[in-house]
Amino acid sequence: MIVQRRAALVGLAWILAAGSVPAVADDTAHHGHEAMPASAETPFLQENDAAMSKMMSAMAVKPTGNVDRDFTEMMIPHHQGAIDMAQTYLRYGRNEQLRRIAQEIIVEQQQEIAAMRLALGDPPPAPAAAPTQTSPAVDLSLNPPADASSPPPPMSMTGTDK
């Protein structure tokens, strides 16, 4: 079960990293939804590409001769890249199932980064906000606007605007 869950998370990370969903999952015409216009997806793609570039650059470490340290110094940016891509998805993605998976990726990758640092005797990373505390660049309400070209209404995090 854990192996299957991890495989699903890795698959999502690859999808997020690639910036697209396979063609089968992208066919939304029969679900009554229209695809997001390319211009509306641009900020997501730009942020995702920036996260990927940052990750790839940070993973290029000079070997020290200490396999444990070298492995960790490459894996930490890899895990941070997954966190950054998942946070980007949370800012723009609307699928609640994928949003939950992205939140899980963030929590699990943060835990693994801390565990790797501790295994080497390094101090753990500074505490970070929980995935649900990420300030969205756009509204992430459960009810997307009828007109995909118009911005969605503001969303309250307190629930007092009902």
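Nothing here was measured: the structure is a model prediction, and the numbers come from that model.

Draft legend 1. Main features of helix 5 (residues 96–119). Given a rise of 1.5 Å per residue, 24 residues ought to cover 34 Å, and the 34 Å separating the end C-alpha atoms of helix 5 matches this to within 8%. Along helix 5, the positions that sit buried rather than exposed are R99, A102, I105, I106, Q109, I113, A114 and M116. If you check the start of helix 5, you find a side-chain oxygen 2.9 Å away from the backbone N of Q97, and it comes from N95. Residue G121 follows helix 5 closely and has a positive phi angle near 85 degrees.

Draft legend 2. Expanded view of helix 4 (residues 67–92). Given a rise of 1.5 Å per residue, 26 residues ought to cover 38 Å, and the 38 Å separating the end C-alpha atoms of helix 4 matches this to within 8%. A side-chain oxygen of the first residue of helix 4 lies 3.0 Å from the backbone nitrogen of D68; this N-cap is N66.

Draft legend 3. Layout of the confidence of the model for the chain. Across the chain, the average pLDDT comes to 74, with 55% of residues at 70 or higher. Per-element confidence in the chain is highest for helix 5, whose mean pLDDT is 96, and lowest for helix 2 (residues 23–26), whose mean pLDDT is 41. Confidence drops under pLDDT 50 across residues 20–33; counting only partners more than four residues distant or on other chains, this segment forms 7 contacts. Below a pLDDT of 50 lies the segment residues 134–146, which in the model reaches 27 contacts outside its immediate sequence neighbourhood of four places, other chains included.

Draft legend 4. Quick peek at the nonpolar core. Counting 13 residues, the largest nonpolar core has A86, A102, I106 and I113 as its most contacted members. At the level of secondary structure, the elements contributing two or more residues to this core comprise helix 4 and helix 5. No other element matches the 7 residues that helix 4 contributes to this core.

Draft legend 5. Just the packing of helix 4 against helix 5, in detail. Where helix 4 contacts helix 5, the two axes come as close as 9 Å, and the packing angle between them is 155 degrees. The angle between helix 4 and helix 5 places the two elements in the roughly antiparallel class. Judged by the sense of rotation from one axis to the other, the crossing of helix 4 with helix 5 is left-handed. Contacts from T72, M75, I76, H79, Q80, A82, I83, A86, Q87, Y89 and L90 in helix 4 reach L98, R99, A102, Q103, I105, I106, Q109, Q110, E112, I113, M116 and R117 in helix 5.

What counts as what
Residues numbered from 1 in each chain as written. Predicted model: local features only at pLDDT ≥ 70, side-chain atom pairs only at ≥ 80, totals over all residues. Heavy atoms only, no water. Helix = DSSP H or I, 4+ residues; strand = E, 2+ residues; numbered from the N terminus. Expected span 1.5 Å × (residues − 1). Buried < 20%, exposed > 50% of the residue type's maximum accessible area, 1.4 Å probe, protein only. Polar contact = N/O pair within 3.5 Å; in protein donor to acceptor, adjacent residues only side chain to side chain. pLDDT = per-residue confidence, 0-100. Contact = heavy atoms within 4.5 Å. Core = buried A, V, L, I, M, F, W, Y, C linked by side-chain atoms within 4.5 Å. Axes fitted to C-alpha atoms, helices over the stretch in contact; angles between N-to-C directions. Parallel < 35°, antiparallel > 145°, perpendicular 65-115°, else oblique. Left-handed = near helix turned anticlockwise from the far one by under 90°.

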